[in-house]
Structures are given as structure tokens and as C-alpha cells.
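# Residue-level structural notes
Residues per chain are reported as follows:
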Amino acid sequence: MEIKERKMNMNNKVFKHREDEDVYQVENPRIYIVVPKLPQKLQRLLEIAYNLWWVWNSEAFELFRRIDRDLWEEVSHNPIQLLGKISKEKLQELENDESFLAHLEEVYSSLQKYLSKQTWFFKEFDKQHHNCKIAYFSMEYGITEAIPMYCGGLGVLAGDLFKSSSDMGLPMVGIGLTYRYGYFKQHLTDDGWQQEDYEELHFFRMPLNRMKDQAGNPLRLSITLKKLENPTSTSKPSYTEEKIYFEVWEAKIGRNNLYLLSTDIPENTPENRAITYQLYGGGLETRIKQEIVLGIGGVKFLREININPTVWHMNEGHSAFIILERLRELIKEKGLSFKEAKEFIRATSIFTTHTPVPAGIDVFPVDMMKKYFSGYCEEIGIDIEEFLSLGRENPEDKGSGFSMAVFAIKNSEFVNGVSKLHSVISRNMWRNIYPKLPLFEIPITYITNGVHINTWVSNEFATLFDRYIGPQWREEPDNQAVWEKIKDIPDAELWRSHERRRERLIAFVRNRLKKHLQHSGAPKSEIDQAEEVLDPEVLTIGFARRFAEYKRGTLLFRDLTRLKRILLNKEMPVQIIISGKAHPNDNIGKELIKQVVQISRDPEIKGKIVFIEDYDMNVAHYLVQGCDVWLNLPRRPFEASGTSGMKAAVNGVLNVSVLDGWWCEAYDGNNGWSVGGGEEYTDYALQDDIESRILYDILEKEVIPLFYNRGAGGIPKGWVKKMKDSMMSICPKFNSNRLIEEYTRKFYLYADSNYWRYSENNFSLVKTFTAWLDKIHSCWNKIKLITIEDNIRESYSLGDKIEVISKVFIDKLSEEDIAVQIYWGYVDSKGRISQPKIKDMVVINKEDGNFVYKGEIEIDRVGHCGYVLRVLPKFNGSVIYRPNLIKWLT
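My aim in this report is to walk through the structure given alongside it, one point at a time. This one's a predicted model, so the numbers in the text were calculated from it and none came from an experiment. Each residue is numbered by its place in its chain's sequence as written, counting from 1. The model is predicted, so local features are restricted to residues of pLDDT at least 70 and side-chain atom pairs to those at 80 or more, both for listing and for counting; the totals for chains, interfaces and linings are taken over all residues. Neither water nor hydrogens contribute to the side-chain values; these are computed over all heavy atoms in the structure.

### Some thoughts on the overall build of the chain
Helix and strand labels come from DSSP, where a helix needs a run of H or I of at least four residues and a strand needs a run of E of at least two; each type is numbered from the N terminus. In terms of helices and strands, the chain carries 30 helices and 31 strands. Each principal axis of the C-alpha distribution contributes one length, and for the chain these read about 95 × 70 × 55 Å. What makes two residues a contact is simply this: any of their non-hydrogen atoms within 4.5 Å. For the chain, the proportion of contacts with a sequence separation of at least 24, taken over those separated by at least 6, is 71%. Element-wise, carbon and sulfur atoms account for 47% of the exposed surface of the chain, whose accessible area totals about 37600 Å². Under the convention used here, Asp and Glu are negative, Lys and Arg are positive, and both His and the chain ends fall outside the count. Working definition for charges: the position is that of NZ of Lys, CZ of Arg, CG of Asp or CD of Glu. Taking the average place of the 118 positive charges on the side chains of the chain and the average place of its 126 negative ones, the gap between the two points comes to 2 Å. Reported accessibility uses the Shrake-Rupley method at a 1.4 Å probe radius. Residues are deemed covered only where the shown protein chains occlude them.

### Quick notes on helix α12 (residues 338-347)
Most of α12 sits out of view: 8 of its 10 residues are buried. Phe338, Glu340, Ala341, Glu343, Phe344, Ile345, Arg346 and Ala347 are the residues of α12 that are buried. As for α12, its buried residues are in contact with α11 (322-332), β12 (349-352), α14 (384-389), α15 (404-410), β15 (414-417) and α30 (736-780). Summary of the burial criterion: residues with accessible area below 20% of their type's maximum are buried, those above 50% are exposed, and those between are partly exposed, where the area comes from a 1.4 Å probe applied to protein chains only.

### Some thoughts on the environment of Ser692
Locating Ser692 in the fold gives a position in helix α28 (residues 684-708). When its relative accessible area of 4% is taken as the criterion, Ser692 is described as buried. In the structure, Ser692 is positioned 137 residues away from Leu555 in sequence and 6.1 Å away in space, judged by C-alpha atoms. Not counting residues up to four positions away in its chain, the partners in contact with Ser692 are Leu555 and Arg558. In terms of polar contacts, Ser692 uses its side chain to reach the backbone carbonyl oxygen of Asp688, at 2.8 Å. N or O atoms closer than or at 3.5 Å make up a polar contact, with two conditions inside protein: a donor-capable atom paired with an acceptor-capable one, and, for residues adjacent in sequence, both atoms drawn from side chains.

### As for the packing of helix α21 (residues 491-519) against helix α29 (residues 717-730)
Axes, fitted as lines to C-alpha atoms, cover a helix only where it is in contact. Angles between the N-to-C directions of the axes lie from 0 to 180 degrees. Axis separation between α21 and α29 bottoms out at 10 Å; the angle between their running directions is 85°. Considering the angle they form, α21 stands roughly perpendicular to α29. Contacts from Asp491, Leu494, Trp495 and His498 in α21 reach Lys717, Trp719, Val720, Met723, Lys724 and Met727 in α29. In this count, Pro and Cys sit with the nonpolar residues alongside Ala, Val, Leu, Ile, Met, Phe, Trp and Tyr, while Asp, Glu, Lys and Arg are called charged and the others, Gly among them, polar. For the contact of α21 with α29, the class distribution of residues is 6 nonpolar, 1 polar and 3 charged. Throughout, the term roughly parallel applies to angles under 35 degrees, roughly antiparallel to angles over 145, roughly perpendicular to angles from 65 to 115, and oblique to all others.

### A word on the pairing of strand β3 (residues 134-138)
Of all 5 residues in β3, 5 are buried; the element is thus mostly enclosed. Here β3 shows two buried faces, one formed by Ile134, Tyr136 and Ser138 and the other by Ala135 and Phe137. A pair of strands counts as paired when DSSP detects no fewer than two bridges linking them. Where β3 and strand β4 (residues 172-177) come together, 4 bridges link them in parallel fashion. Looking at the pairing, Ala135 lines up with Val173 of β4. As defined by bridge partners, β3 adjoins strand β11 (residues 311-315) across 5 bridges and the pair is classed as parallel. Note that in β11 the partner of Ser138 across the bridge is Asn315.

### Looking at the environment of Ile275
By secondary structure assignment, the location of Ile275 is in the loop between α9 (270-273) and α10 (284-304). Owing to a relative accessible area of 2%, Ile275 belongs among the buried residues under this scheme. As for Ile275 and Gln290, which are separated by 15 residues in sequence, their C-alpha atoms are 5.8 Å apart. Contact partners of Ile275, with chain neighbours within four places excluded, come to Ile244, Thr263, Thr286, Lys289, Gln290 and Val293.

### With respect to the side chain of Arg870
You can see Arg870 is positioned in strand β29 (residues 865-875). A polar contact of 2.6 Å, which involves the side chain of Arg870, links it to the side chain of Glu441. One polar contact links Arg870 to Gln821, side chain to side chain, over a distance of 2.8 Å. Those residues in contact with Arg870, other than ones at most four positions away along the chain, are Pro438, Glu441, Ala819, Val820, Gln821, Tyr823, Ile838, Ile886, Lys887, Trp888 and Leu889.

### Focus on helix α8 (residues 153-167)
Expected helix span is taken as 1.5 Å per residue step, with the number of steps being one fewer than the number of residues. Spanning 15 residues, α8 covers 21 Å between terminal C-alpha atoms, matching the ideal 21 Å at 1.5 Å per step. α8 sits mainly inside the fold: 13 of its 15 residues count as buried. One or two steps after α8, the chain reaches Gly169, where phi turns positive at roughly 80°.

### Topic: the packing of aromatic side chains
Pairing of aromatic side chains requires ring centres within 6.5 Å, counting the rings of Phe and Tyr and the six-membered ring of Trp. Pairs whose planes differ by under 30 degrees are stacked, by over 60 edge-to-face, and all others tilted. Tallied over the entire structure, the rule returns 50 aromatic pairs. Between Phe387 and Phe407, the aromatic rings sit 5.6 Å apart at their centres with planes inclined by 90°, giving edge-to-face as the arrangement. Taken together, the positions of Phe387 in helix α14 and Phe407 in helix α15 put the pair 20 residues apart, joining distant regions of the chain. Since its relative accessible area comes to 0%, Phe387 is described here as buried. A relative accessible area of 0% means that Phe407 is categorised as buried. Feature note: the residues Phe321, Phe373, Tyr376, Phe387, Phe402 and Phe407 constitute an aromatic cluster, connected by ring pairs. Taking NZ or CZ as reference, Arg180 lies 4.0 Å from the ring centre of Phe203, over its face. Its end group placed over the ring of Tyr826, Arg861 keeps NZ or CZ at 5.1 Å from the ring centre. A ring is considered to have a charge above it if a Lys NZ or an Arg CZ atom is located within 6 Å of its centre and within 35 degrees of its normal.

### Some thoughts on the sheet that holds strand β17 (residues 539-544)
Ordered by their spatial adjacency, 6 strands build an open sheet running β19-β18-β17-β20-β21-β22, and the pairing between neighbours is parallel. Here the strands that pair on one side only, and so sit at the sheet edges, are β19 (609-612) and β22 (672-675). Sheet twist, expressed as the average angle between the axes of neighbouring strands with direction ignored, equals 20°. Looking at chain direction, strand β20 (residues 629-632) and strand β21 (residues 654-658) are connected through 4 bridges and run parallel. If you follow Val629 over to β21, its bridge partner there is Leu654. Running at roughly 140° to β19, helix α24 (residues 587-600) makes contact with β18 (574-579) and β19 of the sheet. Along the sheet, α29 contacts β17, β20, β21 and β22; its crossing angle with β21, the most-contacted strand, is approximately 70°.

### Notes on the nonpolar core
Of all hydrophobic cores here, the largest spans 188 residues; its most connected members are Leu45, Ile48, Phe301, Phe321, Phe373, Phe387 and Tyr748. No other element matches the 18 residues that α30 contributes to this core. The contact partners of Phe387, leaving out residues within four places of it in the chain, are Leu324, Met369, Phe373, Cys377, Ile382, Phe402 and Phe407. The nonpolar core is taken to be a set of buried Ala, Val, Leu, Ile, Met, Phe, Trp, Tyr and Cys residues, with the residues joined through side-chain atoms within 4.5 Å. The next biggest cluster of nonpolar side chains, apart from the first, holds 95 residues, and it includes Phe465, Leu592, Tyr696 and Val703.

### Section: the sheet that holds strand β23 (residues 784-790)
On the basis of which strands lie adjacent, the open sheet formed by 4 strands has the order β23-β24-β28-β27 and antiparallel pairing. Every other strand in the sheet has two partners, leaving β23 and β27 (842-847) as the edge strands with one partner each. Ignoring which end each strand starts from, the neighbouring axes of this sheet average 25° apart. Alignment of strand β24 (residues 801-809) against strand β28 (residues 850-858), held across 9 bridges, turns out to be antiparallel. Within β28, the residue paired with Val808 across the bridge is Phe851.

As C-alpha cells, then:
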């Protein structure tokens, strides 16, 4: 379809509309809204269409596809567009089609049953947490390709989590932004260079509803910015006031609602209308305004519709300004002090970091922060410098920018990375927030990501699971015993189902390639050749993800001679399908795509490597369901988690991956292959040489022979066994139901309890805690070791004990305020203690204002060992970890 350009003055980007939309610019058109009108018998189609439950219900999905298969694909699986484009004659035909009406009734009944069914959360926790309400904030959500407002893993993870929150009955509400131009559409030039198109999205043509006020008008809310005119001036501050208006669009996700905020409304200036034009678009000014709208605007909207969350979950740091708006509320409306409000917010906040490198974190310059927040801080009576210190690793470093991740970490009691390895990386990355605290004690834990199995499993495999496992795989995807039944699936049936998915993948790739060639004006001969690319019976390797340097999308092509030998082996041929986008500003990533595309055009291997343009959720479905091998080759440890390999595993696709992210936890030696043993390198060229050779060896010596080792009926028994091992080990652990249960048990329930405990009796407990913390801070630097006595001798045997008695001055603190601990373990040549154990000492006496503590070390290891004493604050019997509140007694 031909594209026309419409240029807009926004970072020199080109925004486009389709030729068939016949766009003509006029001034002040009179607006009216048209919605699909359906016959009475078909009305329930709209109710189903506006609840995105249909995305992961195969019968509902099939219902819409049944209306018009070609049109369903053309509208990117958008039921609102589908119903709006169906002819009156077709609607009449459907109205009189008894089979279709029966199908409609069956799907509608399933939706009603789903919505009314008693859920896991209700059965487990309703009595103790009846009033729990979780607010989940994310910059992007990947629910379906019909709402293309996601970039990649962060958004798709948020979408999968939100779907499972509905399945499990969590009382969750989502907040995000709706983007007029979404994320970019990718197309490649003749030489393979990525270019970005930004096509306007029409929200009324999506399964979204615009929120209305009580009078039935579109709901309009605003954020007032009191902007400092000259942030660098030392004279009396001068402010200008600016309002950002926004409206809200609702998406129903099963039992829960997702609300998406938009500034693209007439009340705003052109500059502010553009705030929500693009996901991750614009410069720093646009980004900070996006995050103001997401955080501050999101809180204001929830209050407007009388939703009062008890738990606040920030998915990455983009939404951390919710903390600031909650501070304003608690100080201005509840009368709390800044410190009291901060402690209450901390006790009810969760922060999930997905980033393994500091460069991936939003950091705003000091002057920009002063420009936008000096007036805000003045309004609620806090010092701007005190506020800015909350976004700095070192509060005293007034020249450093304001980190949204640091701000979120310092104000969240519950912080997690998205895999076990990523939590170690995160503790290392943010160790300066907790100086002197051992790395393993820095309060950043992990909850490994998971995928929504119902969304990503193919229809063929879902049918097999229903037949041989039963419905429990849908209801209890985290039940290991359920997935053990995969052993009962006959090898032939499993293999034939997988082969059908590979055939569908090849057909999809050919069709998509033809459309791209037609769109680019390629000659007919080249278009015809698209029908011959790839072979539905050949071992197919898939690689699809964002093209960033650390993901190493070209590692497979490092030795082209060897790769060609692999691809062109007549007895055991191989083919490769690749897809992915580079960030618009990432020229290195674009260059990698260009390299792959140019290699794919090598006449010797043409048709054996295909790059699919414009990677999205639809392309992802075909790839993870139809490939044989899923390749993941990041530089360890830069892959925080990764989820595409989990989606592939659900469909029996085998992973060949570097031991990074989630694969460190999943790989067991039988369920796929590991590229290397988890080594980390500083010489990247050496790493690429070594790991590319390992990769080729794995393919040539293990993967390819196993795939082509066929038994009776052409079944590769060894391969099928590995498929089953993979599904049995990965499906029950790496799904989003397990993810939700972990968040619930580790974080949500505690945060909900904190909310009610801390807020009752006019916030009496939080006031008590804050006063106690003030006392701790005032006395902390005065704590000191007076004497220490022990019975250390030259050598010990296992089971011996060392008695330690120390006299400690703790100023005005009581013994209940602190924990004095023995910290012991191996000691290296530099005096560092490793593999430590920790034991609280007990007070045995009080002498001259000093407390005498006694403790015991049990000799439990052989080697060069030692101990030291330390002090941590303790409230109501529990040790509290706070920045700068640890004292080593030497």
C-alpha cells in the first residue's frame, strides 16, 4: 500500500499516513464519533471485542477470524476495525448463520464464566486482604498487536503480568500512556538500513474506551507545573505556571482495567500535545514531561475515579514521580511531615528494575529538575536540594543528575531485579546507595520473569495439552506435577504438531516477504522468488529481539565460511529466520541489521537466511511457535532476564543460549544447550571469537545431528525427548502465574499490611517509626566500641567455640534500638571476609552508660578465618537496612 508523508516539526521525524485514508488538513472540523453498529443477535461481539480476554482465549480469537480471515489479518487482529469494516451483507449473513451464533454464544458464556469464577487470590487471601488494591505503573504494555504501544521486553512482560493478574484475581489496576504514533514501524532501504515510520493510531478504532465524567463528557484532568524561569540564578525565584491537560483511555484486560493517559487533546499547546506522541520519543524535555504525566497524572486520575491503592508497583523508574505526588497528598491533605510521608510511601512501594547497566537509566540534569520541581517542592514545604538528594547515589554530590532508579530504590521497601543473576548485578550497580553494607545484604532481591502461557502457546500444542494433560495446565501453569504429564503425549503427535507450526511459520514468512517486496516496488521476478525461500522440512533457527550491540545479532555470522558449510549441508541443511528493531538513535544496532540483511542476499545462501521487517507481537507468535531452535547470544551479564526463550520453550522450541538472564536458572543440561559456561570477559573480540566457535561446535556436533537422527515414521526420538524435557522443566517455573504468586507472597501482601498498619489511628505507627529513625540518626555517629574480649587461641577444631564480650557506647539509644552482631567467615590476604555468617549478640550487663554484649562463634569451617563486630538499627525486633546506617566496630 502506498505511503504519503506528512512532515511535522518534531525532532525531524517523518510521520506518515496511508494513501487510502485520503488525509486533507482543514481547520476546526466539527467532531462526531462513529462506532460499529451490529444487529441485535451480534451485539455480544462488541462486548467480547472490548475485553482483551479474547487475546488469550483461542476460541474467542477464532470467532473473530471466522468473520473474515483475510480482513482479520489486514487489521492486525483488531476486532473493532474488523467489525467496522464488515459489510452490511456479511453482517446479515452472520446473523442468520446458526453455527456462527452458537460459536458466539459459547465464547460469550466462557467470558462470563471467566469473569464470575472464584479466583486464586480470593480463595487464598480475601479474608486478610479484602481491601487490597494494587496500582501497577509502566511506560509500555504489550497486550496485543492490535494496540501497538510497546517497544519490546519491558512492555510485553507488563502485558503478560497483567493478564495473569486477571487470571489469578489480583485486585490490580494498570496505569500507562497511550501514544498517538506508538512505536515506530520499521522498513529497510535497499542496502538494509533501518528507517522509521510513525503512523498515526486512531484510538476509537481500537478496543479502548475513552473515560467520561459524570456529565457524560470526555474526562479531562490537568497537572499544574510551576516552572522556575531561571534555575541557575541565585536571586529570588520567579515562576511561570503551565498546565498539562490529559484524557484517559480504558482497556479491559479480563477482570482488571488498564488506564492509558493521553495529552493529545485540544486544550494543550502543540508542545504538550506531543508529550504522548511517541513511546520513548523526543528529547529530555519530552521524556521528563512523559514521566510527569505517567507518575503525577496517574495518581491524580486514580483519585479522580475513587481508586485508592494500598500497594504501588513501579515497573522501571519511568513512573517514579508517583512518589512525589503521593508526598504532596500526604503532606497537604493528611498533615504528615515530609519524613513521615516518605516512610509511609516507602512501606507501600515496590520497584522492579530491568536494567543491568547505568546507561539504561533515566537521569535528568539538575537544572531541569529545578525548573520543573522547585515550585512543587515549595508548595509542599520541602527543600529542593533535599528532594534532589533522593535521586543521587551520594546525597552530598550536588553536581550529579537525578536518577529515577535511585529515587525509586530509596523510596521503596521492596526492590527486585528480574532474574537471580540480575539481582547480583543490580546490587553491584547500586552498592553506593548502601555504603559499607556487604553486597549480599543490599536489599535488592529477585523475582525472575515469566510468560503468559495461554498467550504464547500455539493452538496445536494447546490442543495436545488439553488432550493429554487436561485443563489444569491453563488453571495451574506453575504446577510441576501437571507438566510431568507431557511424557504421556505420543512422540508422533507432538512432532507432527510441531511440524505443522513450522509449515505455518514458513508460509507466514513467505507471505510477509512478498508484501514487503510489493510495497517497495520490487520487480515481479523477485516477488515470485519469495515463494521459494526457506523449506518447511529443514531445521529452522530463530533469532528475534531488539538489535543492540550487547545482544550480538551478528555472532552467528562471525565465520561465514563455516556458517555456509552448515547451511548448505545437503544431508542436514539448516535455515535461519531473524527479526528485530534497533532503537532509532542506535546506529550501531542499525549497522548490525544492515550486515545481517546484506549477508542474507549472498547468492550462495540466498533463501536460507531471511530477515523479517517490522518485528511485532504477531511476528513473535509465529517465530516462537514454529522454529526448531531459539538462539540467544547476549554478552553476559547484560541480559537482565529475557523472555522470548521462555515463549519458545512453551512450544517445544529448544534454546541455544549464553548462560545469562533467565537461562542461568533454567538450563539443566537436558533441556537445551549452553553457549559457554557462564564466563565473563573484558576483551569482547576474544569473547566473540571463543563463543562463536562454541556456537558452531554445538550446532555441528549436537543440534543438527540430533534433529536429523530419525527413527521409525521419520520421528527424531532424541529431539522429541529433549522437547519434552524442555517443556517439563521450563513451563512450570517460567510462567507469569508463578511470577504473580511470587510478587504477591513476597511483596504485595506485606505492602498491603503495611498500608493498614501504618495508616490506622491517624498514621500513629508511621509517626512513631519516623521519630525512632530521627533518634537513630541523631545518635548514630556517637556509637563506639569501648572494649572487646575473646578467648582466641592459635588453632581450633570444628565444633569449638569462641566467646566474644564487647562493651559498646550507644548514647541515648536502648538495647531494643540496635542489633550488635558478630560477622565472621574466611579472611583473605587483604583482610576481606567471605562466606560470612552473622549472629546477634545479647546484652548481659550495663556499666557506666555502656552496654556489655556477649556472643559466640561456632567453628564451622577449616582455614584462615576471622570476625568483626557491627551495629545495625532494629525496630520492633527486626533489623532495618537504610543508607549509611551500618557501623563496623573496630
